[in-house]
Amino acid sequence: MTKPIVLIAEELSPATVDALGPDFEIRSCNGEDRAELLSAIADVDALLVRSATKVDAEAIAAAKKLKVVARAGVGLDNVDVKAATQAGVMVVNAPTSNITSAAELAVGLLLASARNIAPASASLKAGQWKRSKYTGVELTEKTVGVVGLGRIGMLVANRLAAFGVKLIAYDPYVQPARAAQSGIRMVTLDELLAESDFITVHLPKTPDTVGLIGKDALSKVKPSVRIINAARGGIVDEEALYLALKEGRVAGAGLDVFATEPCTDSPLFELENVVATPHLGASTDEAQEKAGIAVARSVRLALAGELVPDAVNIEGGPIDELVRPGISLTENLGRIAASLAAAPLQALEVEILGEIAEKDVRVLELAALKGVFGQLITEPVSYVNAPLLAAERGVAVSLTTSTDSANWRNMVRLNLALSNGQTVVVGGTVSGPRNLQRLVEVDGFAIDVEMSQHFAFLRYHDRPGIVGVAGRIFGEAGINIGGMQVSRNDVGGEALIALTVDSAIPAEVLNAISVEAEATSARSVNLDL
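This report concerns the structure included in the present document. What you see is a predicted model; the values in this text were computed from it and never measured.

**Concerning a nonpolar patch on the surface**
Taken together, the side chains of Val 467, Met 484 and Val 486 make up a nonpolar region of the molecular surface, amounting to roughly 200 Å² of accessible area. With respect to the element layout, Met 484 can be found in strand 20 (residues 481–488).

Okay, here's the thing in structure tokens:
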């Protein structure tokens, strides 16, 4: 069997290859060499990059088999996520790989600014001994303003707390009670600017945050303030900061990021009270290793057709442990429902019932789409392109939730509306410590059958002998029945037999049962479990 091909386009930690394991053919190329990249990417299944390789629409179009682009780091400036999504290519990164390294660098820049470490070092190496010139300030009892109290901002705050500082923060998305647990007082941005002795920025770069610390903001700070930016270039207006430093309205700055990178000729570099580093936030051995291992694991999941929590072009966030077992269940329900459909699909409703409905269950909608279209079309279907496939075919998709579930602690029900006016309804649940998948409803018939690779569904008018017919014909064909359940809506009314077998059912066998049982419908379903 041919192994999937993984192309590593930049130097990554050796642990990355180790984490990929022996199941892939590993290739390498110089991703910065455009011609070499476009040639090398043609037949690969996965592409691993850092920040130097440009994965744009042209590169994605050249990679006919590409299923996943993995960025060993946080930023995705070099990856065209929109083009990847349109092509059904998953994009993953390593969002938590460098948070400790970035937080520690921010603290380092703050300390370096407070104690004039960089200019004092340069002066001494130049043969000068100027102790009085480089007098600094202590952190103890100073006020540190943290702009952006996400994961990195919180790590910085926690580390600085050990220095005996007063911590305040501005972040409109953080509840004051949560911040208070870490000894942080939430304030408005204007209050933070006015009170802080140190300001450290930890926001994402968005249209709303570009230039946030600019001319107007810098007019509100103490002249003794020191400003640190190890987040994203452009959040601090570099021109406004330069003027404030030159005019003595800001005492110092520590910068790791710049609006345009690489940056080697900024006016800020002329100033002794600026300590600057070339975007080193993620540049530690530990961060690079964590990033490589994280994306390698994501590549393994993606190429196995499984959901990847770190995928950036799939709606949803971290998957709750209560939700996770439902992903495979829902995909299997989608495949069963699609197999039972006798006309084109017009609409799909995903119902989530029970305790699970209180969680973020958007991933189950994706799983249902993947299962349905994986059964209906021949082209590859992923969690990325399944919503696009539905939209292209005019299929309306909805997700509804309710904590009420009459018979099961949790249940997933799929409702398919078909072009002929008919519907298909299937429901399932997971049970027990091993999260065994069970099919519990088909078109209003209550059943309870363990999920199996091979199913048969027979609908007929209730009368004696039909179970025997199915058993005899399967026996004559050498097909072993693993489980069977009969459900009916009334004595002598419509009935359903749902059974599982140990091997695929030939069409002639199913047809023989259908004819002898005078079935109104007979369907087989094969799942790749």
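Back to the write-up after that little detour.
**Observations regarding the side chain of Arg 335**
Residue placement: Arg 335 occurs in helix 13 (residues 324–340). This buried residue, Arg 335, is left without a salt bridge; Glu 331 holds the nearest opposite charge, at 5.4 Å. Within polar-contact distance, the side chain of Arg 335 engages the side chain of Gln 375 at 3.1 Å. Residues within four places of Arg 335 in sequence aside, it is in contact with Gly 371, Val 372, Gln 375, Val 525, Asn 526, Leu 527 and Asp 528.

**A look at the packing of aromatic side chains**
Enumeration according to the criterion identifies two aromatic pairs in this entry. Between the aromatic rings of Phe 258 and Phe 269, the centroid separation amounts to 5.6 Å while the plane-to-plane angle is 90°, which identifies the pairing as edge-to-face. Of the two residues, Phe 258 is situated in the loop between strand 11 (252–255) and strand 12 (274–276) and Phe 269 in the loop between strand 11 and strand 12; the sequence distance between them amounts to eleven residues. Of the residues examined, Phe 269 reaches a relative accessible area of 34% and is grouped as partly exposed. On the basis of an interplanar angle of 15° and a centroid distance of 5.5 Å, the ring pair of Phe 455 and Phe 457 is categorised as stacked. Here Phe 455 falls in the buried class, since its relative accessible area comes to 0%.

**Focus: the pairing of strand 2 (residues 25–28)**
Two strands pair when backbone bridges link them, and strand 1 (residues 5–8) and strand 2 are joined in this way by four bridges, in the parallel orientation. Note that in strand 2 the partner of Ile 5 across the bridge is Glu 25. Handedness of the crossover joining strand 1 and strand 2 through helix 1 (residues 14–20) is recorded here as right-handed.

**Remarks on the sheet that holds strand 12**
Here we have seven strands laid out as an open sheet, ordered 8-7-6-9-10-11-12, and parallel in their pairing. Because the sheet does not close on itself, it has two edges, and the strands there are strand 8 (184–186) and strand 12. Put simply, the sheet's adjacent strands are angled 20° from each other on average, direction ignored. Sheet topology note: the strand 6 (residues 143–147)/strand 7 (residues 166–170) ladder contains five bridges and is parallel. If you follow Thr 143 over to strand 7, its bridge partner there is Lys 166. Of the strands in this sheet, strand 6, strand 7, strand 8 and strand 9 (198–201) are in contact with helix 7 (residues 151–161), which crosses strand 6 at around 170°. Contacts between helix 11 (residues 238–246) and the sheet are confined to strand 10 (226–229), strand 11 and strand 12, with strand 11 contributing the most and set at about 150° to the helix.

**Some words on the pattern of salt bridges**
Under the defined criterion, the tally for this structure stands at 25 salt bridges. The salt bridge involving Lys 133 is made with Glu 272; its shortest N-O contact spans 3.4 Å. Of the two residues, Lys 133 sits in the loop between helix 6 (117–125) and strand 6 while Glu 272 sits in the loop between strand 11 and strand 12, which places them 139 residues apart along the sequence. Each of Glu 25, Arg 27 and Asp 43 takes part in salt bridges that share partners, so that together they form one network.

**What to know about the sheet that holds strand 18 (residues 445–450)**
Taken together, the six strands give an open sheet; going across it, the order is 14-13-15-16-17-18, and neighbouring strands pair in mixed fashion. The open sheet has two edge strands with one neighbour each: strand 14 (396–402) and strand 18. Between one strand and the next, the sheet's axes are offset by a mean angle of 20°, whatever the strand orientation. For strand 15 (residues 410–418) and strand 16 (residues 423–431), the ladder comprises six bridges, and the chain directions are antiparallel. Following the sheet pairing, Leu 414 is matched in strand 16 by Val 426. Against the sheet, helix 13 engages strand 15, strand 16 and strand 17 (436–442), with an angle of about 155° to strand 16. Helix 14 (residues 362–376) contacts strand 13 (345–354), strand 14 and strand 15 of the sheet and is inclined by roughly 140° relative to strand 13.

**A look at the nonpolar core**
Core analysis: the largest hydrophobic core is formed by 73 residues, its most contacted members being Ile 336 and Phe 457. At eight residues, helix 14 tops the list of elements feeding residues into this core. In contact with Ile 336, not counting residues within four places along its chain, are Val 426, Leu 439, Met 451, Phe 455, Phe 457, Val 525 and Leu 527. In terms of nonpolar packing, the next biggest core, distinct from the first, is built from 30 residues, Leu 203, Val 221, Ala 231 and Ala 253 among them.

Here is what the cut-offs are and how they apply
Residues numbered from 1 in each chain as written. Predicted model: local features only at pLDDT ≥ 70, side-chain atom pairs only at ≥ 80, totals over all residues. Heavy atoms only, no water. Patch = residues over 30% accessible without salt bridge, like charges linked within 9 Å, V, L, I, M, F, W, Y side chains within 5 Å. Areas by Shrake-Rupley, 256 points an atom, 1.4 Å probe, with all protein chains shown as cover. Salt bridge = Lys/Arg side-chain N within 4 Å of Asp/Glu carboxyl O. Helix = DSSP H or I, 4+ residues; strand = E, 2+ residues; numbered from the N terminus. Buried < 20%, exposed > 50% of the residue type's maximum accessible area, 1.4 Å probe, protein only. Lys, Arg positive; Asp, Glu negative; His and termini not counted. Polar contact = N/O pair within 3.5 Å; in protein donor to acceptor, adjacent residues only side chain to side chain. Contact = heavy atoms within 4.5 Å. Phe/Tyr/Trp six-rings, centres within 6.5 Å; stacked < 30°, edge-to-face > 60°. Pairing = 2+ DSSP bridges. Right-handed = clockwise from strand over helix to strand, strands pointing away. Axes fitted to C-alpha atoms, helices over the stretch in contact; angles between N-to-C directions. Core = buried A, V, L, I, M, F, W, Y, C linked by side-chain atoms within 4.5 Å.

Note that every value here comes from positions in space, so none of it alone points to a role or purpose.
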